[in-house]
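Residue-level structural notes
Take a look at the letters that make up each chain.
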Amino acid sequence: MRRRWSWFQFALVTSFTALAAFMSLPILFIVNHAFKPQNELFLFPPQFLVQNPTLRNFELLFLHASNATVPFTRYLFNSVLVAALALAGVILVSTMAAYALGKYRFHFKGFILSLITLSLMFAPETVGIPRYLIISGLGMNDTYFGHLLPLLASPVAVFLLIGFVSQIPDELLEAAKIDGASHLTIFSRIVIPLSAPAIATISILTFQTVWGDIETSTLFMQEETMRTLAFYVNSLLSGLQNSVAGQNMAAAAGLLMFLPNLIIFLIFQKRVLETMVHSGIK
Amino acid sequence: MGSITFHHVYKNYKGEERPAVHDFHLQIEEGEFLVLVGPSGCGKSTTLRMLAGLEEISRGDLYIDGKFVNYLSPKDRDIAMVFQNYALYPNLSVYENIALGLKLRKTAKHDIELRVGRVARILEISHLLERKPNQLSGGQKQRVALGRAIAREPQVFLMDEPLSNLDAKLRAQTRAELIKLQADLGRTMVYVTHDQVEAMTMGSRIVVMKDGVIQQVAPPRELYDRPVNMFVAGFIGSPQMNFLDGAIIREDGRYWFSSRRLKLPLPETFGARFNHSSRTLRQVVMGVRAEHVKLKADSSLGDGGVWYRGQVQMSEVTGADLYVYVELGEDTVIARAQPERDYPRHASVEIGFQIEKVHLFDKETGISLAAPGGDGG
Ligand SMILES: Nc1ncnc2c1ncn2[C@@H]1O[C@H](COP(=O)(O)OP(=O)(O)OP(=O)(O)O)[C@@H](O)[C@H]1O
Ligand SMILES: [Mg+2]
């Protein structure tokens, strides 16, 4: 059966498609840019699409990286490790906090909630110095804890999850209690699965923050071997800005830094939709 | 096994002035089907939740099987509860929903399979075991929720309006099944409903509550025939009992119920109930059920029956019965009539009261004069 589209629906779909296409232009540009040979990179006016794709940019990047004192793979390893641990840590801390705050009544709950709201309003730059003092006070300079600690408490994630968890019907938790479930069982078998869409969302947000973060590497890591890929790429680009070869490497590095974001997004995005359709909450 | 004792139990919610449950004092026998009934907000769910351990008891003691359980957690009380909205775990299959309680109690795997299988057969949901709750109809969900409770084989079943989300036909059918199930299992059941029909058909004993206070505890028949106060009399039975304001007077050596329109001689047997009252004259409300109001066209009243002329306001057919609303002065009296006859609006009819069946309530307290202490003596 064919559905007839109203004029309004037609206009809506057309305009949103156009908007989506426009918003995806930068992505298209990054991908094409990474494969452009040198002459196309410097073309004026710049071209969107690559004419003669080449892998030369990546070659140059790896050549440069392999000549550095710290191998490229070390930065990559640091980044992957920190991202994975931060993701797991943020999910664990935020869901547990949200379960307690969303489902239980206790003293100072209102106070804690307003603290979380308050912390939403601080830009990361404003807390750089106190963070430094805490990290070095704890002796966490040049350790992975130094990367993780500032990221673990994520007010945005907690906030998002509280909204989600508080919508789980109380009866569900009570039924589980009567069934003999402990708090941990209720948390892991009911709260976590039912919060999956929100967890997927905060995973995307957290990964993007961690992957692109250079602050912890800059402030808390004095040893080069403890710094992350984002930091390396960033310093590489700023160091090479004026050289001609720098443009090639910058184009390749841009794509490499962007790809994991895209992959993570696609994985979790699917999960977000899936759980929303199938969870059967309500 | 499965007896319950409430010993002067109170529930005060934080920030609420009046207790939600006030001096709940009751002994529930093993294997009994007890129904808690009352209007919305009367404290039925609160009582049930205190019994389940989901709500703290503010004052008083609760015993299950003679064991003091005030501070026992829900999972250690050997109870199972069915919620109004079923509360099935949406992320688990029907099988897992039923099995979870057993799994958490470390039941052996083959034993779990056996029990879930048996419960599924009893409730005829064997073909649904692989589904998720959102792929079930309301009636099926309700069965799964029941199955979850039954599979654990607890001493006590608690149900909070488990049928209220079903349509009328399914509700009647499930009602009958629940009664049979409870009889077969022989376990204690505490069942909450606000539907008096459900209460009357299911309960072996019924607790009528209002504003957190128990009004009467009695088997269905007794509740219907001998309500202790106006609230119970009005709450139980459909259509509602007729209430007529008036007074008891003494004339010609006997007692009469008298109002502006009516003057009915009260039977001698009634005399004992207020003979020793210090006041000979007393303001009362007369309560009489529709089936005890006769239409002259249908039936006779026996000796000394008085007929009163009134006007038909409307009539209502409920299948087997016909109820005629008759205007009598400023009161409207509902009478049950033979369904074959027609009673057009504004028609003039004569009605009479089966005087030995009427109830008399104190006008101020609403307490039945027949109830202990109701004679005001
Ligand atoms: N968590 C709570 N906090 C404060 N007051 C409450 C709470 N739960 C219930 N109450 C109050 O206690 C009283 C009894 O509530 P309860 O839920 O037991 O009523 P109920 O008889 O089950 O009514 P219904 O038929 O509508 O379910 C009500 O006045 C209600 O407002
Ligand atoms: Mg209730």
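Coordinates for the structure precede this section.
Reference entry: report on the structure contained in this document. Fair warning: this is a prediction, and the values are worked out from it, not measured in the lab. (Residues numbered from 1 in each chain as written. Chains lettered and ligands numbered in written order. Predicted model: local features only at pLDDT ≥ 70, side-chain atom pairs only at ≥ 80, totals over all residues. Heavy atoms only, no water.)

Another point: the overall build of chain B. When its secondary structure is counted, chain B shows nine helices and 20 strands. Across its three principal directions, the C-alpha atoms of chain B cover 80 × 45 × 35 Å. Counting the 377 residues in chain B, one finds 51% classified as buried. In chain B, once contacts between residues fewer than 6 apart in sequence are set aside, the share between residues at least 24 apart is 66%. (Helix = DSSP H or I, 4+ residues; strand = E, 2+ residues; numbered from the N terminus. Buried < 20%, exposed > 50% of the residue type's maximum accessible area, 1.4 Å probe, protein only. Contact = heavy atoms within 4.5 Å.)

For the structure on display, the rule yields 14 aromatic pairs over all chains. For the pair Tyr75(A) and Tyr232(A), a centre-to-centre distance of 4.6 Å together with 15° between the ring planes defines the contact as stacked. Placement of Tyr75(A) in helix H5 (residues 72–103) and of Tyr232(A) in helix H14 (residues 229–240) is noted, with a sequence separation of 157 residues between them. According to the relative accessible area criterion, Tyr75(A) is buried, its value standing at 3%. For Tyr232(A), a relative accessible area of 7% puts it in the buried group. Grouping aromatic residues by their ring pairs yields a cluster made of Tyr99(A), Tyr104(A) and Phe187(A). Over the ring of Tyr10(B) we find Arg59(B), and its NZ or CZ is 4.1 Å from the ring centre. Residue placement shows Arg250(B) over the ring face of Tyr255(B); its charged tip is 4.8 Å from the ring centre. (Phe/Tyr/Trp six-rings, centres within 6.5 Å; stacked < 30°, edge-to-face > 60°. Lys NZ or Arg CZ within 6 Å of the ring centre and 35° of its normal.)

To continue, consider a negative patch on the surface. Taken together, the side chains of Glu29(B), Glu30(B), Asp65(B) and Asp78(B) define an acidic patch exposed on the protein surface. If you trace the backbone, Asp65(B) turns up in the loop between strand E4 (59–64) and strand E5 (67–68). (Patch = residues over 30% accessible without salt bridge, like charges linked within 9 Å, V, L, I, M, F, W, Y side chains within 5 Å. Areas by Shrake-Rupley, 256 points an atom, 1.4 Å probe, with all protein chains shown as cover. Salt bridge = Lys/Arg side-chain N within 4 Å of Asp/Glu carboxyl O. Lys, Arg positive; Asp, Glu negative; His and termini not counted. Charge placed at Lys NZ, Arg CZ, Asp CG, Glu CD.)

What follows is about the site of ligand 1. Residue and element names in this part refer to chain B. Neighbouring residues of ligand 1: Tyr 13, Glu 16, Ala 20, Ser 40, Gly 41, Cys 42, Gly 43, Lys 44, Ser 45, Thr 46 and Glu 161. Cys 42 is positioned with one of its backbone polar atoms (N or O) 3.2 Å from an oxygen atom of ligand 1. Between ligand 1 and Lys 44 there is a distance of 2.8 Å, counted from an oxygen atom to a side-chain nitrogen or oxygen. Alone, ligand 1 offers 630 Å² of accessible surface; in the complex the protein occludes 60% of this. In the shell around ligand 1, the residues fall into three nonpolar, five polar and three charged. (Near = heavy atom within 4 Å. Polar contact = N/O pair within 3.5 Å; in protein donor to acceptor, adjacent residues only side chain to side chain. Nonpolar A, V, L, I, M, F, W, Y, C, P; charged D, E, K, R; others polar.)

Spatial relationships are all this shows, so hold off on functional conclusions.
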